[in-house]
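So you can see what is in the structure, the chains are spelled out below.
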Amino acid sequence: MMRFLKFFVMIFYFLAVMLSFGETEVPLKKAESLITELKFYEAMIALEPLLMSREKSQAQEQALWIANTLGVEVAENITAEQDALRVYPDYGSISDDDPRSQGLRKKRKAVDRLGADIHYNEMAGAYFYRYGFLERLLALYPKSRWAPIAEYYLIHKNRPLEAVDVEKTIPVLLAYVKKHTNSGYFEVSMAYYDIARLYHGIWADLAYPELSPGVGSYTIGDAANKEGAAIYKTEALKYYAKFIVSDYQETRWRTQEMVRQAYQDLKYEKNVDQYFLYYD
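Residues numbered from 1 in each chain as written. Predicted model: local features only at pLDDT ≥ 70, side-chain atom pairs only at ≥ 80, totals over all residues. Heavy atoms only, no water.

## Observations regarding the pairing of strand β2 (residues 126–129)
Then, number 1: In terms of strand pairing, strand β1 (residues 118–121) meets β2 through four bridges, oriented antiparallel. When the sheet's bridge partners are listed, H119 is paired in β2 with F128.
Then, number 2: Counting the residues in the hairpin turn of β1 and β2 gives four residues, including G125, whose phi is positive at 65°. (Pairing = 2+ DSSP bridges. Helix = DSSP H or I, 4+ residues; strand = E, 2+ residues; numbered from the N terminus.)

## Describing the confidence of the model for the protein
Reading fine detail from the predicted coordinates is not recommended where pLDDT is low.
Then, number 1: Residues with a pLDDT of 70 or more make up 74% of the protein, whose mean pLDDT is 81.
Then, number 2: In the predicted structure, residues 4–21 sits below a pLDDT of 50 and forms zero contacts with residues beyond four places in sequence or in another chain. (pLDDT = per-residue confidence, 0-100. Contact = heavy atoms within 4.5 Å.)

## A few points about the packing of helix α4 (residues 58–85) against helix α5 (residues 102–113)
Then, number 1: Relative orientation of the contacting elements α4 and α5 amounts to 165°, with a least axis distance of 10 Å. Between α4 and α5, the angle is such that the two are roughly antiparallel. In this structure, α4 crosses over α5, and the sense of that crossing is left-handed. In this structure, α4 contributes V74, I78, E81, Q82 and L85 to the contact, and α5 contributes L104, K107, R108 and V111.
Then, number 2: Grouping the amino acids of the contact of α4 with α5 by side-chain chemistry returns five nonpolar, one polar and three charged. (Axes fitted to C-alpha atoms, helices over the stretch in contact; angles between N-to-C directions. Parallel < 35°, antiparallel > 145°, perpendicular 65-115°, else oblique. Left-handed = near helix turned anticlockwise from the far one by under 90°. Nonpolar A, V, L, I, M, F, W, Y, C, P; charged D, E, K, R; others polar.)

And the structure:
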């Protein structure tokens, strides 16, 4: 009798485990199916059971990563829907009381409830994904294979374009590339580029202060210190070169032609007034 009881207990246990595994796989498969149809918002919503769960699991880790990959697309789609509601010549912002905007507000609240962190930029008139899922992924799964990717993008989230603090940002980027130099991640290449651009900007401010954009420019000590400027020029060229030889993916602002041109401009000190201290 005891043998039969043990047998049924074991069968019940394995069935429970299989059912539980199946339940976690359903949202992932549903999201994958919706992604193939380019239904990015719906795919993110499909991941809700895993994203909202308090239980850590491999499936949740994967769901957070998938949700992150959908973040930019969802933000852009919400922006496109908002733009479609604007009619010329009254093109402008839409009141929150406007019934036409209710659907947009509903979508944004839904994804933010899941942890997306969709931010509206008044100047750009667009919505931007601010890596909410990556933040949670790194917090819950610090040893995840996606952790180095999360670390890079969160550097940019915490030190945004319009408020970059060069003295603090460069050491953070240098520490990042030192930590992940041999990881093979594309984000390390992008960090090389960021460092090169910042060093390039510092060099321009030092070597050619008369061409400085003025407000927000970064000058270290004596702006006429050509010797000091030369140090930053050398460092900038080094990191441009690291980026050029790395296995990187071209983006709108980081094509091979543009990066090589930046390298040549700096080497021969051309187009100096084009280089300011910002992330692009």
